[in-house]
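Listed here are the chains, written in short residue letters.
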Amino acid sequence: MQNIKAHRLRAVLTMLIVAFGIMALVGILTAIDGLKNSIAENFQMMGANTFTISNRQMIVLGGRHRSNRYMPISYNEVREFKKRFVFPGVCSVFSRARGAVTLRYRDKKTNPNIDVSGIDENYLRTAGLELAKGRNFTPYELNSGSRSVIIGSEIAEKLFGDADPIGKKIAMMSGKYKVTGVLKSNGASIGMSPDRKCFITLSHLRQQYYRPGMNFTINFMVSHRELLDAATDEAKGLFRVIRKLKLDEDNNFTITKSDTISQLLIENLKYVTLAAIIIALITLLGASVGLMNIMLVAVSERTREIGVRKALGVTNVAIRDQFLVESVVITELGGLFGIFLGIALGNVVTHFTGGSFTVPWLWVFIAVFISLTVGLLSGLYPARKASKLNPIEALRFE
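Residues numbered from 1 in each chain as written. Predicted model: local features only at pLDDT ≥ 70, side-chain atom pairs only at ≥ 80, totals over all residues. Heavy atoms only, no water.

(A) Looking closely at the overall build of the chain. When its secondary structure is counted, the chain shows 13 helices and 14 strands. By the burial criterion, 45% of the 398 residues in the chain qualify as buried. In the chain, of all internal contacts separated by at least 6 residues, the share reaching a separation of at least 24 is 78%. Taken as a whole, the chain presents about 21,100 Å² of accessible surface, with 59% of it coming from carbon and sulfur. (Helix = DSSP H or I, 4+ residues; strand = E, 2+ residues; numbered from the N terminus. Buried < 20%, exposed > 50% of the residue type's maximum accessible area, 1.4 Å probe, protein only. Contact = heavy atoms within 4.5 Å. Areas by Shrake-Rupley, 256 points an atom, 1.4 Å probe, with all protein chains shown as cover.)

This is the structure:
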């Protein structure tokens, strides 16, 4: 440490070289871990024990399409499924009314990007949504198709500010709707936040906005997570019967577990992770070359010191270890500084993706090991060169 302090400027520059390499590694991987957590949290919005039955999209092959086999899921089909599917759990049905609508209250209005869906009494539960204010739709509202609406927190803030929106009427699409509830904020998420959504009753949707080919979707939440696979298989078999599919016909619908899409996105992130690791390792390679060069300069500058120590009886091994330990200490100090910068930088990126604070402990330990390795490899040659200096020639060095 005294030698490092005696050559403070050179030591600091060396530490910075290593620190920036470690910062690139830890920072990128911290951001990726934060992004993975954000994806997982956003898709857990539906619950970890939920699956969705939706219409299979039309597939185009060789310029031809077979749209007759991918008919929308009708209301009669979802109603029959709810009646016949007796697996322990909660079933809900919803359908999208219209996208890109504008909501108005007096002289205030939202951007024209509000998503409107018709839901039943169980949808909020199966979607993992909670109310911050107000209530869910009553049985009377659900059956009569009354003009009631549940809005997201961002909509409530835009239209009402600090005022209580419950009981107020907002203009939407073809009429005015009474606000019965406001959803809890889910914060910034990756394109699927309910904060910019509003929900009307499914019966009102069918009465006022029914259109040919309207598609309905089923959510089902099983009572226990371990029953999800069994429930999915049973639901697939029942829905094939409901849609009158033959044994040799493919499913013309899709069953998606709540974590399937998130796992797919996270799986695709492994390529980004690999690219980040390669870039960071290239940076560290440059850092190690720079460190070796600085250590060679240090050996040259301290040749006379080495000669004096050898003349006093210090062994070659002790001289080698002296320079090797100095190299390792410098790289470890730089590595720790780089880890701190990397975690800070990575979490800044994570903040903008809506994720929570993340410390990638695995990569922290890997970064410490890499710093040690860089110090050993970069310092080994200069240390061996210093240990093999001729003491008489070293003493005469000007």
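(B) The arrangement of helix α6 (residues 153-160) in detail. Along α6, the residues classified as buried are Ser153, Ile155, Ala156, Leu159 and Phe160. The buried side chains of α6 occupy one side of the element, clustering within an arc of 160 degrees when seen end-on. (Arc of directions from axis to C-beta.)

(C) Geometry of the layout of surface pockets. What the second largest pocket holds in volume is close to 260 Å³. Surrounding the second largest pocket, Tyr75, Arg79, Lys82, Val93, Asp120, Glu121, Leu142, Asn143, Leu202, Ser203 and Arg206 form its lining. Looking at the lining of the second largest pocket residue by residue, the classes come out as four nonpolar, two polar and five charged. (1 Å grid on protein atoms, 1.4 Å probe; cavity = no way out; pocket = protein on both sides within 12 Å on 5 of 7 lines; lining within 4 Å. Points joined across faces, edges and corners; volume = space filled by probe spheres on them. Nonpolar A, V, L, I, M, F, W, Y, C, P; charged D, E, K, R; others polar.)

(D) Representation of the packing of helix α3 (residues 75-84) against helix α8 (residues 228-242) within the structure. Close contact between α3 and α8 brings their axes to 10 Å; oriented N to C, the two are set at 135 degrees. Between α3 and α8, the angle is such that the two are oblique. In this structure, α3 meets α8 at a crossing whose hand is right-handed. Contacts between α3 and α8 pair Glu77, Glu80, Phe81 and Arg84 from the former with Ala235, Leu238, Phe239, Val241 and Ile242 from the latter. A per-class count over the contact of α3 with α8 returns six nonpolar, no polar and three charged. (Axes fitted to C-alpha atoms, helices over the stretch in contact; angles between N-to-C directions. Parallel < 35°, antiparallel > 145°, perpendicular 65-115°, else oblique. Left-handed = near helix turned anticlockwise from the far one by under 90°.)

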